[in-house]
Amino acid sequence: MNTWLLIVTLLVLSTIGYQMGRRRALSLVDHPKQLNSLPGYYGSWILMWGLLPAILVLGLWTASESAIIDKLVVADLPTEVRQLAPERQNLFLNDAKNLASGNIVSSEVDATLESAADHITSLKRTSATARTLLALLLCIGGVALGYFLISDRLRAMHRVEATAKVILGIGSTIAIFTTVGIVLSLLFEAIRFFRMVPVTEFLFGLEWSPQTALRADQVGSSGSFGAVPLFTGTMLISAIAMVVAVPIGLLSAIYMSEYASPRLRTVAKPMLEILAGIPTVVYGFFAALTVAPVIRSWGQGLGLDVASESALAAGGVMGIMIIPFVSSISDDVISAVPQGLREASIGLGATQSETIRRVIFPAALPGIVGGILLAVSRAIGETMIVVMAAGLAANLTANPLQAVTTVTTQIVTLLIGDQEFDSAKTLAAFALGLVLFLVTLVLNVIALHVVRKYREQYE
Amino acid sequence: MSTVSSESTLQDRPLDSALDPALNPPIDDPLLEIEGLSLWYGDAQALRNISMKIPKNQITAYIGPSGCGKSTLLRCINRLNDLIPIVRTEGDIRFEGESILDPSFDTNLLRKRVGMVFQKSNPFPKTIYENVVYGLRLQGISQKSVLDEVVEKSLKGAALWDEVKDRLQERALGLSGGQQQRLCIARAIAVEPEVILYDEPCSALDPISTNKIEELMLELKKDYTQVIVTHNMQQASRISDLTAFMYLGDLIEYGKTDELFIRPQKEQTEAYITGRFG
Ligand SMILES: Nc1ncnc2c1ncn2[C@@H]1O[C@H](COP(=O)(O)OP(=O)(O)OP(=O)(O)O)[C@@H](O)[C@H]1O
Ligand SMILES: [Mg+2]
């Protein structure tokens, strides 16, 4: 039976079980009030019994099926194939599988291959039948067991809640393990990179040109992996972005939270937040096609030499993108300053602007700083705008009118195109990714800490 | 009960409220004169045609059930209700003869002359020292010797000096609730206002802190005119010279505290102070 069909069948069976559970619970007593839990919980109790073991076995079976079939097939192969080198054996196995499922085969089809393919086909068929039967059996058995366990004493609600808690826990564990997995894979690949290129060269080298020889006999390009120009480029662009975003974001937050009438607020706030919803690609071509040429022509008017892809264009547009981050966090923080402080200040004869300057802003400052740090980590991680508008040249410069490149841009270019997966060039992307991850992690941790600390102040 | 109140609104006032003895205790030296004051939050009327005089250097207490408009009335006196956009007022309050509800009246100046202490103590998240000198800094005073002197004087005035004199540069939020409330009083008297308004200043405090603040208010009587809203009738009878009883936005009775608590002239007042409704 097809997997989806099987799952639907299981669901239908368990739903029938749910109804049976309700009925049975109600039939045990004269009045629903005499039950230990609401009737629905008895239904869920059966649903649980019917679904969970079946799904669990189904999942395990599906996950391990192909490995077991491989083992069985290999064990049954003629000796000459089994004595092949592991890669060759793998190739053979792949061919057999392809043949079995009717795909193109890389080598000639001979008798051994055919018999292996037949073996695979028959094993698969057996496995599918066994799986279906087992799942259905477990489901029906589970429903039956649940049904007979029901009594008016059964604390169905308690049991169902406990199970739900476990399932939720498993969900969040999966999320955490995924994160850990990503970090570990970054780490291991980065370590492989650092075996080829010393950490010190990577962190302190001033030259970045990651072109390496594809073949051993190619001349002249051993590549240099000094990431300092990328770090400075990233910092330059983030700094420009913050110079744009912080003042505008803060001023608009103060205006929105302290001065704007409620009606204006309901219109203007969502409009500002739309800025955060524009896809970054759109910002990217806005920067590259609209802003960069304008900056260039202004620069020429002033007699300055502006590169056609400049840090200023990319950073400026990125700043616009980040405004809502700064403004909405600041707005929240400012609005969270207790009204009592405003009244105290006004009550002492302060004007509204004095109150904002002397009381509200200082009180909100830690939270605002937290918001700005989050915005910085967003700026550092931003890719699309810089790819499109800041260029790829790894210049070591602090001049915003020149082209620079960033960590994220380089990760993109390192991984685009045909690459050997274990070349220094490809692995460099992981090292850069690791650095990026660590920096944004630290920024986020500090930011969250600052924000939380600030919250505690007004408990 | 509501029929009684509406009758009193329609019949006693406005015709002869100026003559009603239950509303007009003898007052020689009025500092504040409230006249025909009505206030609306949007469409809901919170104060109905209130007229009364508040005497200088005395303590006037407002009592009445929750929601009757005590805080609202208090916040009219320093025009703090201006912060609420939906508020609309009619009538007048005169402060030494000047009409303070006049839109052209300088509210910042008014609030320097009328300090306020709130129900929930609200020190700024600054040092103790900076809290006290806040009002002075607003006036542009930054000379250290002057500020130091005011800090000492105000904290002594608020009976807090001995407890905090060694920790003036520490955060005010680290003080206990009662100390914070006295700090707020110190902050209010640092600018030497003429009137201090208290909105249930002791409702979150223990009996000892309450006691301290009551003593402090009696102490401050010689320099300040004080107006207090309280739910605690013992407190009103202990410290106030005059007491006003409000109900559903109306001023029901206003008189000398001793007389009002012993011989209330209105049935509603009697019912409230004997705890028969509320
Ligand atoms: N900001 C506001 N917006 C709308 N209505 C308000 C506002 N503040 C107070 N009110 C209403 O005005 C009326 C009087 O409120 P006020 O706070 O003056 O009562 P109070 O006598 O101080 O009560 P309490 O003893 O509970 O403090 C109440 O009905 C209240 O709901
Ligand atoms: Mg009140």
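Residues numbered from 1 in each chain as written. Chains lettered and ligands numbered in written order. Predicted model: local features only at pLDDT ≥ 70, side-chain atom pairs only at ≥ 80, totals over all residues. Heavy atoms only, no water.

Asker: Looking at this structure, how should I read the layout of surface pockets?
Answerer: By rolling a water-sized probe across the atoms, one finds the places where empty space is left. The volume enclosed by the largest pocket comes to roughly 500 Å³. Considering the residues around the largest pocket, the lining is formed by 21 residues, among which Ser-257, Glu-258, Tyr-259 and Gln-352 of chain A together with Leu-83 of chain B are closest to the centre. Put simply, the parts of the chain that give the lining of the largest pocket at least two residues each are α8 (228-259), α9 (262-277), α12 (339-347) and α13 (352-381) of chain A. Of the residues that constitute the lining of the largest pocket, the class distribution is 10 nonpolar, 6 polar and 5 charged. (1 Å grid on protein atoms, 1.4 Å probe; cavity = no way out; pocket = protein on both sides within 12 Å on 5 of 7 lines; lining within 4 Å. Points joined across faces, edges and corners; volume = space filled by probe spheres on them. Helix = DSSP H or I, 4+ residues; strand = E, 2+ residues; numbered from the N terminus. Nonpolar A, V, L, I, M, F, W, Y, C, P; charged D, E, K, R; others polar.)

Asker: Looking at this structure, how should I read the nonpolar core?
Answerer: Generally speaking, soluble globular proteins have nonpolar side chains that are buried together. Among the nonpolar cores identified, the biggest contains 155 residues, and Tyr-62 and Leu-155 of chain B are the most heavily contacted of them. The residues contacting Tyr-62 of chain B, other than those within four sequence positions of it, are Ile-34, Met-52, Ile-54, Lys-70, Leu-73, Val-227, Ile-228, Val-229, Thr-230, Ala-244 and Met-246 of chain B. (Core = buried A, V, L, I, M, F, W, Y, C linked by side-chain atoms within 4.5 Å. Buried < 20%, exposed > 50% of the residue type's maximum accessible area, 1.4 Å probe, protein only. Contact = heavy atoms within 4.5 Å.)

Asker: Help me understand the packing of α8 of chain A against α13 of chain A, please; the structure alone is not making it clear to me.
Answerer: The description of two packed helices rests on the angle between their axes and on the distance between the axes. Residues and elements named next belong to chain A. The interhelical angle for the contact between α8 and α13, taken along N-to-C directions, is 145°, at an axis separation of 10 Å. When you trace α8 past α13, the crossing you get is right-handed. Along its contact with α8, which presents Thr-234, Ser-238, Met-242, Val-246, Leu-250, Ile-254, Glu-258 and Tyr-259, the element α13 presents Gln-352, Ser-353, Ile-356, Ile-360, Phe-361, Ile-368, Ile-372, Ala-375, Val-376, Ala-379 and Ile-380. For the contact of α8 with α13, the residue count by class is 14 nonpolar, 4 polar and 1 charged. (Axes fitted to C-alpha atoms, helices over the stretch in contact; angles between N-to-C directions. Left-handed = near helix turned anticlockwise from the far one by under 90°.)

Asker: I would appreciate a short explanation of the side chain of Glu-33 of chain B in the present structure.
Answerer: Structurally, the position occupied by Glu-33 of chain B is in strand β1 (residues 30-41). The residues contacting Glu-33 of chain B, other than those within four sequence positions of it, are Met-52, Lys-53, Asp-92, Ile-93 and Arg-94 of chain B.

Asker: Is there a simple way to think about the site of ligand 1 in this case?
Answerer: Residues and elements named next belong to chain B. Near ligand 1 you find Tyr-41, Ala-46, Ser-66, Gly-67, Cys-68, Gly-69, Lys-70, Ser-71, Thr-72, Ile-84, Glu-200 and His-231, and these make up its full shell. With respect to ligand 1, the backbone of Gly-69 contributes an N or O atom lying 3.0 Å from an oxygen atom. Contact between ligand 1 and Lys-70: an oxygen atom at 2.8 Å from a side-chain N or O atom of the residue. Contact with the protein chains removes 61% of the 630 Å² of surface that ligand 1 exposes when unbound. Per-element tally for the shell around ligand 1: the top contributor is helix α2 (residues 70-77), with 3 residues. Split into classes, the residues belonging to the shell around ligand 1 amount to 4 nonpolar, 6 polar and 2 charged. (Near = heavy atom within 4 Å. Polar contact = N/O pair within 3.5 Å; in protein donor to acceptor, adjacent residues only side chain to side chain. Areas by Shrake-Rupley, 256 points an atom, 1.4 Å probe, with all protein chains shown as cover.)

Asker: I would appreciate a short explanation of the packing of aromatic side chains in the present structure.
Answerer: Two aromatic rings, taken as a pair, are described by how far apart their centres are and by the angle between their planes. Under the counting rule described, the total for this entry stands at 11 aromatic pairs over all chains. Between Tyr-255 of chain A and Tyr-259 of chain A, the aromatic rings sit 6.5 Å apart at their centres with planes inclined by 15°, giving stacked as the arrangement. Taken together, the positions of Tyr-255 of chain A and Tyr-259 of chain A, both in helix α8 and 4 residues apart, correspond to about one turn of that helix. When the ring centre of Phe-95 of chain B is taken as origin, the NZ or CZ atom of Arg-113 of chain B, which lies over that ring, is 4.3 Å away. (Phe/Tyr/Trp six-rings, centres within 6.5 Å; stacked < 30°, edge-to-face > 60°. Lys NZ or Arg CZ within 6 Å of the ring centre and 35° of its normal.)

Asker: Sorry if this is basic, but what is going on with the sheet that holds strand β10 (residues 250-256) of chain B here?
Answerer: Sheets are built from strands that pair by backbone hydrogen bonding, the pairs being arranged parallel or antiparallel. All names here are of chain B. Across the sheet, 6 strands lie side by side as β6-β7-β8-β3-β9-β10; this open sheet has mixed pairing. In the strand order of this sheet, the two ends are held by β6 (114-117) and β10, each with one partner. On average, each strand axis in the sheet is tilted by 15° relative to the strand beside it, whichever way the strands run. In the sheet, strand β9 (residues 242-247) pairs with β10 via 6 bridges, with the strands oriented antiparallel. (Pairing = 2+ DSSP bridges.)

Asker: Would you take a moment to explain the interface of chain B and chain A for this structure?
Answerer: A common way to report how large an interface is uses the accessible area buried once the components associate. Taken together, the contacts link 21 residues of chain B with 19 residues of chain A. Carbon and sulfur atoms make up 64% of the surface buried where chain B meets chain A, a total of about 1800 Å² over both sides. It is Pro-125, Tyr-134 and Leu-138 of chain B in chain B that bury the most area against chain A; as a group they hold 28% of the surface buried on that side. Between Arg-75 of chain B and Glu-343 of chain A there is a salt bridge whose closest N-O contact spans 3.0 Å. Where chain B packs against chain A, one counts 4 residue pairs in polar contact (both at pLDDT 80 or more). Mapped onto the side of chain B that touches chain A, the elements with two or more residues apiece are α3 (107-113), α4 (128-138) and α7 (177-190) of chain B. Split by residue class, the side of chain B that touches chain A holds 12 nonpolar, 2 polar and 7 charged. (Buried area = accessible area lost by both parts, 1.4 Å probe. Salt bridge = Lys/Arg side-chain N within 4 Å of Asp/Glu carboxyl O.)

Asker: I tried to follow a negative patch on the surface on my own but got confused; where do I start?
Answerer: A cluster of acidic residues, Glu-108, Asp-110, Glu-114 and Asp-118 of chain A, forms a negative patch on the protein surface. Secondary-structure assignment places Glu-114 of chain A in helix α5 (residues 111-149). (Patch = residues over 30% accessible without salt bridge, like charges linked within 9 Å, V, L, I, M, F, W, Y side chains within 5 Å. Lys, Arg positive; Asp, Glu negative; His and termini not counted. Charge placed at Lys NZ, Arg CZ, Asp CG, Glu CD.)

Asker: Help me understand the confidence of the model for chain A, please; the structure alone is not making it clear to me.
Answerer: Low pLDDT means the predicted atomic positions in that stretch should not be read closely. Mean pLDDT over chain A stands at 87; residues scoring 70 or higher make up 96%. Here helix α3 (residues 79-82) of chain A stands out as the least confident element of chain A, with mean pLDDT 79; α12 of chain A is the most confident, with 94. (pLDDT = per-residue confidence, 0-100.)

Asker: Is there a simple way to think about the side chain of Thr-234 of chain A in this case?
Answerer: Residues and elements named next belong to chain A. Positionally, Thr-234 belongs in helix α8. Classification of Thr-234 by relative accessible area gives buried; the value is 8%. A distance of 3.1 Å separates the side chain of Thr-234 from the backbone nitrogen of Val-407, its partner in a polar contact. If we ignore the near neighbours within four places in the chain, the residues touching Thr-234 are Ile-380, Thr-405, Thr-406 and Val-407.

Asker: Explain empty space enclosed by the protein here, please?
Answerer: Within this structure, the stated rule accounts for 3 cavities of 30 Å³ or more. Estimated volume of the largest cavity: approximately 50 Å³. Around the largest cavity, the lining residues are Ala-344, Gly-347 and Leu-348 of chain A together with Gly-115, Met-116, Phe-118, Cys-184, Arg-187 and Ala-188 of chain B. Residue assignment for the lining of the largest cavity shows that the elements contributing at least two residues are α12 of chain A together with β6 and α7 of chain B. Looking at the lining of the largest cavity, the element that brings in the most residues is α7 of chain B, giving 3 residues. Taken together, the residues that form the lining of the largest cavity break down as 6 nonpolar, 2 polar and 1 charged.

Asker: Even after reading the chapter, I still don't get the sheet that holds strand β5 (residues 98-99) of chain B, so can you show me in this structure?
Answerer: All names here are of chain B. Ordered in space as β2-β1-β4-β5, the 4 strands form an open sheet in which the pairing is antiparallel. In this open sheet, the two edge strands, each paired with only one partner strand, are β2 (44-55) and β5. Pairing of strand β4 (residues 87-95) with β5 involves 2 bridges; the strand directions are antiparallel. What sits directly across from Phe-95, in β5, is Glu-98.

Asker: Please explain unusual backbone geometry as it appears in this structure.
Answerer: Residue and element names in this part refer to chain B. Although it is not a glycine, Glu-96 sits at a positive phi angle of roughly 50°. Position of Glu-96 among the secondary structure elements: in the loop between β4 and β5. For Ala-159, which is not glycine, the phi torsion reads 55° and is therefore positive. Within the secondary structure, Ala-159 is located in the loop between α5 (144-157) and α6 (161-164).

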